[in-house]
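# Geometric and topological summary
Okay, here's what each chain looks like letter by letter:
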Amino acid sequence: MCKELEEIYNEGEQSGVQKGIQKGELKKARETVFALLEMGMPLEQITKAVKIPLTTVQSWIAETKF
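Scoring rules and cut-offs
Residues numbered from 1 in each chain as written. Predicted model: local features only at pLDDT ≥ 70, side-chain atom pairs only at ≥ 80, totals over all residues. Heavy atoms only, no water. Helix = DSSP H or I, 4+ residues; strand = E, 2+ residues; numbered from the N terminus. Buried < 20%, exposed > 50% of the residue type's maximum accessible area, 1.4 Å probe, protein only. Contact = heavy atoms within 4.5 Å. Areas by Shrake-Rupley, 256 points an atom, 1.4 Å probe, with all protein chains shown as cover. Arc of directions from axis to C-beta. Core = buried A, V, L, I, M, F, W, Y, C linked by side-chain atoms within 4.5 Å. Polar contact = N/O pair within 3.5 Å; in protein donor to acceptor, adjacent residues only side chain to side chain.

Along the protein, the regular secondary structure elements total 3 helices and 0 strands. Scanning the protein from its N terminus toward the C terminus, one meets helices and strands in the order α-α-α. Residues classed as buried in the protein amount to 20% of the 66 residues present. Of the contacts formed within the protein by residues at least 6 apart in sequence, a portion of 47% connects residues at least 24 apart. Entry remark: accessible area of the protein is about 5,500 Å², with carbon and sulfur atoms responsible for 58%.

Those residues of helix α2 (residues 43–50) not exposed but buried are L43, I46, T47 and V50. Down the axis of α2, the sector holding all buried residues measures 95°, keeping them to one side. Turned more than 90 degrees away from the buried face of α2 sit E44, K48 and A49, all of them exposed.

Every buried residue of helix α3 (residues 54–64) is accounted for by V57, W60 and I61. Projected down its long axis, α3 shows its buried positions confined to an angular sector of 95°, all on one face. Among the exposed residues of α3, those pointing more than 90 degrees away from its buried face are T55, A62 and E63. Phi turns positive one or two residues past the end of α3, at K65, with a value near 55°.

In terms of nonpolar packing, the biggest core is built from 12 residues, these being A29, V33, F34, L36, L37, L43, I46, V50, I52, V57, W60 and I61. Counting only elements with at least two residues in this core, the list comes to α1 (2–38), α2 and α3. Per element, the largest residue contribution to this core is 5 residues, and it comes from α1. Look past the residues within four positions of L36 in its chain and what remains in contact with it is M41, I46 and A49.

Take the side chain of T47 next. Topologically, T47 is positioned in helix α2. Of the residues examined, T47 reaches a relative accessible area of 13% and is grouped as buried. Within the structure, the side chain of T47 is placed 2.8 Å from the backbone oxygen of E44, a separation counted as a polar contact. Leaving out residues up to four positions away in the same chain, T47 has contacts with I52, P53, L54 and V57.

This is how it looks when you write it as structure tokens:
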């Protein structure tokens, strides 16, 4: 029984790590979007560079009132 609980715990821990990595990657993409905007890059090129959908980038911009 203890081994089974350990396996369940490890699976949960791994999924938490994956979520953390994804969250970090999204945060970095968002930072990159704003850096490229400040440099004057067109929105269409930015979305291609960061591989994030245009609607997501637009919502980020709207949230920060850039």
